[in-house]
Amino acid sequence: MVKRREPTARQTRLATELRRLREAAGLNSRQAAALLGVAPAQITHIESALAGVSEQRVRRLASHYACTDKEFIDALVSMATDRTHGWWEEYRGQLPTSFLDLSELEHHARFLRHVAILYVPGLLQTEAYSRAVFSSRLPELTDEELELRIQHRRARQQFTIPYEALIHEAALRIRVSDRVTSREQLARLLELSEVDHITVRIIPFDLDNFARASSTMTHVGGPLPKLDTVIRDALHGSAFIDSEAQLNTYRTSFRKVEALSLDPSRSRDLINRLAKEL
């Protein structure tokens, strides 16, 4: 058995779900290994995403764990047997792994939802806006690192799945660069808000008692709701959240923020007004 050096987010999620199934069945790794007829170390490697697992073994493990959710098992099988070599792999070794994991999640997603507070979401940014954001990072990026991030972001923007962005007015007013960059970014937002699979809703400043969206959040829809992922950004990097309790919390938070946001038409009116002020 060849051990993986760098599991992807999708491989890690499969491993996590298999571990959760085993624990829910009340079995330890030694007992699971005995049922499968393998050494305990192999179960450990599978549940650490350090080793792959075949369709047959996924189905046998699910049976031993008394999992009867056929759709869920089929989704796990799909994750186990997927051999996609995505466009993002060309950046492996050149960009942080979290960039590639995000691209992989987006590629397999059913939908994307985003709450943005300080910056326009990356999937909706102009190149000039992206360049200004990346140029502000500390430690400073080299010219090569900067160009790689911009190329990667541009490639991510070629998505066709349903995407809903809830953007705080603060993100539209903050000038990450100059007036020209801000004006072009607002024009780009207006253009994208008319695209069929993209919904842009603005969270205005003049809301009373608004404390729902304290930070950026991305909700990535998996093949089934229980395989969704929420991504939280922080200075130290991105955190991928997939526990059912936390997912439910973030789903509720998103719905509440959405309910307070302006509808798409009024959002476009606000973006237009802000653009005219520049």
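Preceding this section is the structure that the text describes.
Residues numbered from 1 in each chain as written. Predicted model: local features only at pLDDT ≥ 70, side-chain atom pairs only at ≥ 80, totals over all residues. Heavy atoms only, no water.

**Remarks on the overall build of the chain**
A count of helices and strands for the chain gives 12 helices and 6 strands. C-alpha extents for the chain along the principal axes are approximately 70 × 40 × 30 Å. Looking at the chain residue by residue over its 278 residues, the buried ones come to 46%. Residue pairs at least 24 apart in sequence account for 73% of intrachain contacts in the chain once pairs closer than 6 positions are excluded. Total accessible area on the chain is roughly 14,400 Å²; 48% of this is exposed by carbon and sulfur atoms. Placing the 39 positive and 37 negative side-chain charges of the chain at their respective mean positions leaves the two points 4 Å apart. (Helix = DSSP H or I, 4+ residues; strand = E, 2+ residues; numbered from the N terminus. Buried < 20%, exposed > 50% of the residue type's maximum accessible area, 1.4 Å probe, protein only. Contact = heavy atoms within 4.5 Å. Areas by Shrake-Rupley, 256 points an atom, 1.4 Å probe, with all protein chains shown as cover. Lys, Arg positive; Asp, Glu negative; His and termini not counted. Charge placed at Lys NZ, Arg CZ, Asp CG, Glu CD.)

**With respect to unusual backbone geometry**
Omega for the peptide link from Leu138 to Pro139 comes to -5°, which places this bond in the cis form. A positive phi angle, close to 65°, is found at Ala49, a residue other than glycine. Looking at where Ala49 falls in the secondary structure, it is placed in the loop between helix H3 (40–47) and helix H4 (55–64). Even without glycine at this site, Ala66 takes up a positive phi of about 60°. Looking at the element boundaries, Ala66 is found in the loop between H4 and helix H5 (70–81). According to the relative accessible area criterion, Ala66 is exposed, its value standing at 62%.

**Considering the pattern of salt bridges**
Taken as a whole and judged by the stated rule, the model has 25 salt bridges. Asp74 is the salt-bridge partner of Lys70, the closest N and O atoms lying 2.8 Å from each other. Placement of both Lys70 and Asp74 in helix H5 is noted, with a separation of 4 residues, approximately one turn of the helix. Overall, the relative accessible area of 26% leaves Asp74 in the partly exposed class. (Salt bridge = Lys/Arg side-chain N within 4 Å of Asp/Glu carboxyl O.)

**Here we look at the packing of aromatic side chains**
Evaluated as defined, the whole model comprises 3 aromatic pairs. Between Trp87 and Tyr91, the ring centres sit 6.2 Å apart and the planes meet at 90°, which makes this aromatic pair edge-to-face. For Trp87, a relative accessible area of 29% corresponds to the partly exposed category. Between Phe159 and Tyr163, the ring centres sit 5.3 Å apart and the planes meet at 55°, which makes this aromatic pair tilted. There is no split in this pair, since Phe159 and Tyr163 are both buried. (Phe/Tyr/Trp six-rings, centres within 6.5 Å; stacked < 30°, edge-to-face > 60°.)

**Focus on the side chain of His114**
Position of His114 among the secondary structure elements: in strand E1 (residues 112–116). In terms of polar contacts, His114 uses its side chain to reach the side chain of Thr218, at 2.8 Å. Sequence-distant contacts of His114, defined by excluding residues within four places in its chain, comprise Pro121, Tyr163, Glu164, Ala165, Leu166, Thr216, Met217, Thr218 and Phe254. (Polar contact = N/O pair within 3.5 Å; in protein donor to acceptor, adjacent residues only side chain to side chain.)

**Some details on the environment of Arg131**
Inspection of the secondary structure assignment puts Arg131 in helix H7 (residues 127–135). Residue Arg131 is classed as partly exposed on the basis of its relative accessible area, which comes to 27%. Put simply, Arg131 and Val180 are 49 residues apart on the chain and 14 Å apart in space, counted from C-alpha to C-alpha. Among all residues touching Arg131, those that are not within four sequence positions of it are Leu146, Glu147 and Ile150.

**Looking at a nonpolar patch on the surface**
Residues Leu118, Tyr119 and Ile174 make up a contiguous nonpolar surface patch of about 270 Å² in total accessible area. With respect to the helices, strands and loops of the structure, Leu118 is situated in the loop between E1 and H7. For Leu118, a relative accessible area of 48% puts it in the partly exposed group. (Patch = residues over 30% accessible without salt bridge, like charges linked within 9 Å, V, L, I, M, F, W, Y side chains within 5 Å.)

Interpretation note: all reported values are geometric properties and have no functional meaning in isolation.
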